[in-house]
Amino acid sequence: MLLILLLLLAAPARGEGGIEIKSFALEAVGKGYQISLDADITLNNTLEQALEKGIILYFVSKFTLIESRWYWLDEEVARSKRRIGLSYHALTRQYRLNGSRMMPQGFDTLQEALQTLGRQHNIPVEIKSTLKQDAEYVATLQVWLDISRLAKPFQVEWFSSKDWNLSSEKKEWRIKLPAPHKENL
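Residues numbered from 1 in each chain as written. Predicted model: local features only at pLDDT ≥ 70, side-chain atom pairs only at ≥ 80, totals over all residues. Heavy atoms only, no water.

K.L.:
Outline unusual backbone geometry, listing residues and values.
P.N.:
Positive phi is not limited to glycine here, since Arg-93 has a value of about 55 degrees. The topology assignment puts Arg-93 in the loop between strand E4 (75-89) and strand E5 (94-99). Judged by relative accessible area, which is 62%, Arg-93 ranks as exposed. A positive phi is found at Asn-122, a non-glycine position, where the angle reads about 60 degrees. Mapped onto the secondary structure, Asn-122 falls in strand E7 (residues 119-124). (Helix = DSSP H or I, 4+ residues; strand = E, 2+ residues; numbered from the N terminus. Buried < 20%, exposed > 50% of the residue type's maximum accessible area, 1.4 Å probe, protein only.)

This is how it looks when you write it as structure tokens:
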């Protein structure tokens, strides 16, 4: 009996949303870099209902590359930030993803839309200062629901309800830049 109780307490509550980053890749392309990530995104009941009532949910993926400096503050040397909107259109009964540098896509089910939202590939990285091939950088990555893009009444509700707080853990690790591809001339 005690074992069953412990298993029930350890299992996540049904309808509880979350974001979990499964994998990440940084690759050299031409004179720059791009990232790809795979994440599992699930919505809780509150967010699903808001989506079905016509509220657009914006998700942000942010990657930063930081140079650690012992003599001064750390410096952000590269970053990538992508915002994608997830919406539901009752007339066509389709879920839609729409974002910058992305063709709008339609999906028949919420699960299909969330799977595509979680798989983001070939996101360009903006380089802010000179990168050194042999240096070690601190990389961070996080995916979250952007509350600031919601209408003001929902932003106020966010303070009193954890249902609107959907975010992955902030991943942080040390990384060396991948070698650029040698192109045949």
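Here the narrative resumes.
K.L.:
I'd love a proper account of helix H2 (residues 45-52), names of residues and values included.
P.N.:
Buried residues of H2: Leu-47, Ala-50 and Leu-51, and no others. Down the axis of H2, the smallest arc covering the buried residues is 100 degrees, so these residues share one side. The inward-facing, buried residues of H2 abut strand E3 (57-67), E4, E5, helix H3 (110-118) and strand E9 (136-145). Near the N-terminus of H2, the side chain that reaches the backbone nitrogen of Thr-46, with its oxygen 3.2 Å away, is that of Asn-44. Positive phi appears at Gly-54, one or two residues downstream of H2, with a value of about 100 degrees. (Arc of directions from axis to C-beta. Contact = heavy atoms within 4.5 Å. Polar contact = N/O pair within 3.5 Å; in protein donor to acceptor, adjacent residues only side chain to side chain.)

K.L.:
How would you summarise the pattern of salt bridges if you had to cite specific residues and measurements?
P.N.:
Summed over the entire model, instances satisfying the criterion amount to 8 salt bridges. The salt bridge partner of Glu-20 is Lys-22, with a shortest N-O separation of 3.5 Å. Of the residues examined, Glu-20 reaches a relative accessible area of 44% and is grouped as partly exposed. In this structure Lys-22 comes out as partly exposed when scored by relative accessible area, which is 48%. (Salt bridge = Lys/Arg side-chain N within 4 Å of Asp/Glu carboxyl O.)

K.L.:
Describe the side chain of Gln-120, with residues and values.
P.N.:
Structurally, the position occupied by Gln-120 is in strand E7. Gln-120 sits in the buried class, given a relative accessible area of 4%. Excluding residues that lie within four positions of it along the chain, Gln-120 makes contacts with Ile-35, Ser-36, Leu-37, Ser-61, Arg-82 and Ile-84.

K.L.:
Give a description of the sheet that holds E7 that names residues and reports values.
P.N.:
The 3 strands lie next to each other as E1-E2-E7, forming an open sheet whose pairing is antiparallel. Each having just a single partner strand, strand E1 (18-29) and E7 make up the two edges of the open sheet. Shown here is a sheet whose adjacent strand axes are inclined to one another by a mean of 20 degrees, direction ignored. Sheet analysis places strand E2 (residues 32-42) next to E7, joined by 4 bridges and oriented antiparallel. In the sheet register, Leu-37 faces E7, and the bridge partner there is Gln-120. Those strands touched by H3 are E2 and E7, and its axis lies near 150 degrees from that of E2. (Pairing = 2+ DSSP bridges. Axes fitted to C-alpha atoms, helices over the stretch in contact; angles between N-to-C directions.)

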